[in-house]
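Next come the chains, spelled out residue by residue.
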Amino acid sequence: MKLVLFDCDGTLVDSARLIHEVMARTFVAFGYKRPDVSATKSIIGLTLDIAIARLQGKPHVDDEAIAMTAHYKSIFPEVRDEADMQTPLFDGIKPLIETLAARDELLIGAVTGKSRRGLTHILEVNDFTPYFIVSRTADDCPSKPHPAMVTECCDETGMDPHDTIVIGDAIYDMQMAKAAGATAIGVAWGYASVEELLAAGADAIAHHPNDILSHIL
């Protein structure tokens, strides 16, 4: 048996445009300039309050970052519903998940810096809910790269971290996996470079979703 844990943003779905727009509107609402897209992409994967504080150059989450987090969450649904703010699956992800779900020796889960509500929405609109039997979100655990998301998924499913594979596009995913004692597979279609993923501890790099199969099956 193996437990396969997927990050969401930048791994399953291409959500950078949406996340950046919500972040930019939040910063403007609090009197700041819109952050650069590259800056926003660099914090995708972190828990939202920590991501906002880091974009501001703050060492810790303060009251303003907490207020900005609340504002971000309040406007997220309306921005997400705008016609040009959809979050499509990356090419090849749907058949990959369906292939993995058909294997009795594999369990599939999600470990994400999204909220529980955000992850539920992604799973529901893509008909993935039956396939993901375990998940941890920003509402459940400390932010990546803390290993809790992985270790708690392992505990819930009765799996050992050494039999667990974390798949993600961010350095935080790789660092989290290694801290938990799991295998880390970086994906090249997300928001961090291959070089950054390898430096963060990736055991392998997938350049297309089909590549993941060779590292699991």
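Here, the structure is the one placed above.
The shown structure was predicted, so the numbers you read here are calculated from the model rather than taken from an experiment.

A. A look at the overall build of the protein. Along its length, the protein carries 10 helices and six strands. Rg of the C-alpha trace for the protein: 17 Å, near the compact-globule value of 17 Å for 217 residues, within the 12% margin. Over its C-alpha atoms, taken along the principal directions, the protein stretches across nearly 50 × 35 × 30 Å. For the protein, with 217 residues in total, the buried portion stands at 51%. In the protein, of all internal contacts separated by at least 6 residues, the share reaching a separation of at least 24 is 63%.

B. Main features of the packing of aromatic side chains. Scanning the entire structure with this criterion turns up five aromatic pairs. An angle of 45 degrees between the planes, with centres 6.3 Å apart, marks the rings of Phe128 and Tyr131 as tilted. Pairwise contacts between aromatic rings join Phe6, Phe128, Tyr131 and Phe132 into one cluster.

C. Summary view of empty space enclosed by the protein. Throughout the structure, instances matching the rule amount to one cavity of 30 Å³ or more. As for the largest cavity, its lining consists of Leu18, Phe76, Arg80, Thr87, Lys114, Gly118, His121 and Ile122. Listing elements by their share of the lining of the largest cavity, those giving two or more residues are helix H4 (63–80) and helix H6 (116–125). For the lining of the largest cavity, the element with the most residues is H6, which contributes three residues. A class-by-class count of the residues in the lining of the largest cavity yields three nonpolar, three polar and two charged.

Calculation rules
Residues numbered from 1 in each chain as written. Predicted model: local features only at pLDDT ≥ 70, side-chain atom pairs only at ≥ 80, totals over all residues. Heavy atoms only, no water. Helix = DSSP H or I, 4+ residues; strand = E, 2+ residues; numbered from the N terminus. Rg over C-alpha atoms; globule rule 2.2 N^0.38 Å. Buried < 20%, exposed > 50% of the residue type's maximum accessible area, 1.4 Å probe, protein only. Contact = heavy atoms within 4.5 Å. Phe/Tyr/Trp six-rings, centres within 6.5 Å; stacked < 30°, edge-to-face > 60°. 1 Å grid on protein atoms, 1.4 Å probe; cavity = no way out; pocket = protein on both sides within 12 Å on 5 of 7 lines; lining within 4 Å. Points joined across faces, edges and corners; volume = space filled by probe spheres on them. Nonpolar A, V, L, I, M, F, W, Y, C, P; charged D, E, K, R; others polar.

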